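Coordinate inspection notes
The chain contents come next:
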Amino acid sequence: MCRFPGCKFKGTPRKDYLLKHMRSSHEGAHNPLSTNSIRLYYQEASKEEEVSQAEERNLMLLEAAGQGDEQRFKELISMGASVFTKDSRGTTAGDLAATRGHLNILRLIVESGMDVNSNRTDPWLHQALRSGHLRCAEFLLKSGADIEAKSEENQTAFEAATIRGSEDAMLLLKQFGADIHAGNGLQPVLHEAILNGNESFVALLLQLGAKVETWHELWRGGKEKLPLQAAEKNRRLAITKLLLDRGAWRGSLSGYSEYRCADSSGGFLVDPTLPWRL
């Protein structure tokens, strides 16, 4: 675009054409501006054109990341596109690659020098786990992703894995040293699984080292309860049996008697013939 005051020329993709226009339209006896002024205005217009082209390359880089187009992504990087660029919503190429499972793009981004922990509100590791991309999650962990970092919702990576229901993700995080007791401040992962009645998750958490006698604050009611008490209160029969079998203390039950937990209809939630542990 021509930068001369009052000129409506919108520009041209070739800089030599722009210079030709400025010389033919603004230089000479009918224009008081000097040749030096033409040069300065031309340099200013050229810089604007370079910025515009750089922004276009960056947007094309984000598009290639979202599509998993490795060849195009490499070409754009070689042309000067930045892996640090963000769109209008703050999304980076790393966010797109992690969410969509483009491991090849993630590798290129990390090789280009971008920190895998650059997104502090929604870490790439969390995005990969929520989307079920375990290979990306494993790569990010090996590349230094903070396994205990919390999202804007105050969730850890392990909680993100439990919400999605991926036992493989939970095992992966445990392998890399995740703290399975790091809850959201109201209830730990074990209590979350109990409240949701997810017996398989409870069994896995116990296998991974969750403690059946640890006190935690329940989200519902705001009262401190043991895991067994949480199972009892929420009438999770199978989980109650499981916890008792894993060594939960019978005395922590707070039902209608120390031997059984009766529901409102008078039935047994827990079989009174179970081998209660003293």
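Since this is a predicted model, take the numbers as computed values, not measurements.

Thresholds applied
- Residues numbered from 1 in each chain as written.
- Predicted model: local features only at pLDDT ≥ 70, side-chain atom pairs only at ≥ 80, totals over all residues.
- Heavy atoms only, no water.
- Helix = DSSP H or I, 4+ residues; strand = E, 2+ residues; numbered from the N terminus.
- Contact = heavy atoms within 4.5 Å.
- Areas by Shrake-Rupley, 256 points an atom, 1.4 Å probe, with all protein chains shown as cover.
- pLDDT = per-residue confidence, 0-100.
- Axes fitted to C-alpha atoms, helices over the stretch in contact; angles between N-to-C directions.
- Parallel < 35°, antiparallel > 145°, perpendicular 65-115°, else oblique.
- Left-handed = near helix turned anticlockwise from the far one by under 90°.
- Nonpolar A, V, L, I, M, F, W, Y, C, P; charged D, E, K, R; others polar.
- Buried < 20%, exposed > 50% of the residue type's maximum accessible area, 1.4 Å probe, protein only.
- Salt bridge = Lys/Arg side-chain N within 4 Å of Asp/Glu carboxyl O.
- Core = buried A, V, L, I, M, F, W, Y, C linked by side-chain atoms within 4.5 Å.

1. Notes on the overall build of the chain
Along the chain, the regular secondary structure elements total 13 helices and 2 strands. Looking at the chain alone, contacts between residues at least 24 apart form 58% of all its contacts between residues at least 6 apart. Looking at the chain as shown, the accessible area adds up to about 15200 Å², and 48% of this sits on carbon and sulfur atoms.

2. With respect to the confidence of the model for the chain
In this model, the chain carries a mean pLDDT of 75, and residues with pLDDT of at least 70 account for 64%. This model gives residues 272-278 a pLDDT under 50, and the stretch forms 17 contacts once residues within four places in sequence are excluded.

3. Topic: the packing of helix α11 (residues 199-208) against helix α13 (residues 237-245)
Contact geometry for α11 and α13: axes closest at 10 Å, N-to-C directions at 15 degrees. Considering the angle they form, α11 stands roughly parallel to α13. As for how α11 packs across α13, the hand of that crossing is right-handed. The residues of α13 that touch α11, namely those facing Glu-199, Val-202, Ala-203 and Leu-206, are Ala-238, Ile-239, Leu-242 and Leu-243. Its residues assigned to classes, the contact of α11 with α13 comprises 7 nonpolar, no polar and 1 charged.

4. Describing the side chain of Thr-85
Secondary-structure assignment places Thr-85 in the loop between α3 (70-78) and α4 (93-100). The exposure class assigned to Thr-85 is buried, which follows from its relative accessible area of 13%. Residue contacts for Thr-85: discarding those within four places in its chain leaves Asn-58, Leu-62, Thr-91, Thr-92 and Ala-93.

5. Comments concerning unusual backbone geometry
Of note in the backbone geometry, Asn-154 takes a positive phi value of approximately 70 degrees without being a glycine. Structurally, the position occupied by Asn-154 is in the loop between α7 (134-142) and α8 (157-164). The class of Asn-154 is partly exposed, set by a relative accessible area of 34%. One non-glycine residue, Arg-235, lies in positive phi territory at about 60 degrees.

6. As for the pattern of salt bridges
Pairs can form between side chains of opposite charge whenever their charged atoms are close. Scanning the model with the defined rule gives 5 salt bridges in all. The shortest N-O distance in the salt bridge between Lys-74 and Glu-70 comes to 3.5 Å. In this pair, Lys-74 and Glu-70 both sit in helix α3, 4 residues apart, roughly one turn of the helix. Judged by its relative accessible area of 38%, Lys-74 is partly exposed. Using a relative accessible area of 29% as the deciding quantity, one classes Glu-70 as partly exposed.

7. Comments concerning the side chain of Asn-58
Along the chain, the position of Asn-58 falls in helix α2 (residues 35-67). With relative accessibility at 15%, the residue Asn-58 sits in the buried group. Once residues lying within four places of it in the same chain are set aside, the contact partners of Asn-58 are Ala-81, Ser-82 and Thr-85.

8. Some points on the nonpolar core
One finds Phe-73, Phe-158, Leu-173, Val-202 and Leu-243 to be the most contacted residues of the largest nonpolar core, which totals 59 residues. What Phe-73 contacts, discounting residues up to four positions off in sequence, is Leu-61, Ala-64, Ala-65, Val-83, Ala-93, Ile-105, Leu-108 and Ile-109.

9. With respect to the packing of α7 against helix α9 (residues 167-175)
In contact at an axis separation of 11 Å, α7 and α9 are set at 10 degrees when each is read in the N-to-C sense. The angle between the axes of α7 and α9 places the two elements in the roughly parallel class. Each of Leu-134, Ala-137, Glu-138 and Leu-141 in α7 lies in contact with α9, whose residues at this interface are Asp-168, Ala-169, Leu-172 and Leu-173. Taken together, the residues of the contact of α7 with α9 sort by class into 6 nonpolar, no polar and 2 charged.

10. What to know about the environment of Ala-54
By the element assignment, Ala-54 lies in helix α2. Along the backbone, Ala-54 and Met-79 are 25 residues apart, and their C-alpha atoms lie at a distance of 9.0 Å.

11. Focus on the environment of Gln-67
On the secondary structure map, Gln-67 appears in helix α2. Residues Gln-67 and Leu-96, 29 residues apart in the sequence, show an inter-C-alpha distance of 8.7 Å. Among residues more than four places away in sequence, those in contact with Gln-67 are Arg-100 and His-102.

12. With respect to α7
Along α7, the positions that sit buried rather than exposed are Cys-136, Ala-137, Phe-139, Leu-140 and Leu-141. Among the structural elements, α4, α5 (103-111), α6 (124-130) and α9 are those in contact with the buried residues of α7. Downstream of α7 by one or two residues, Gly-144 has phi in the positive range, about 105 degrees.

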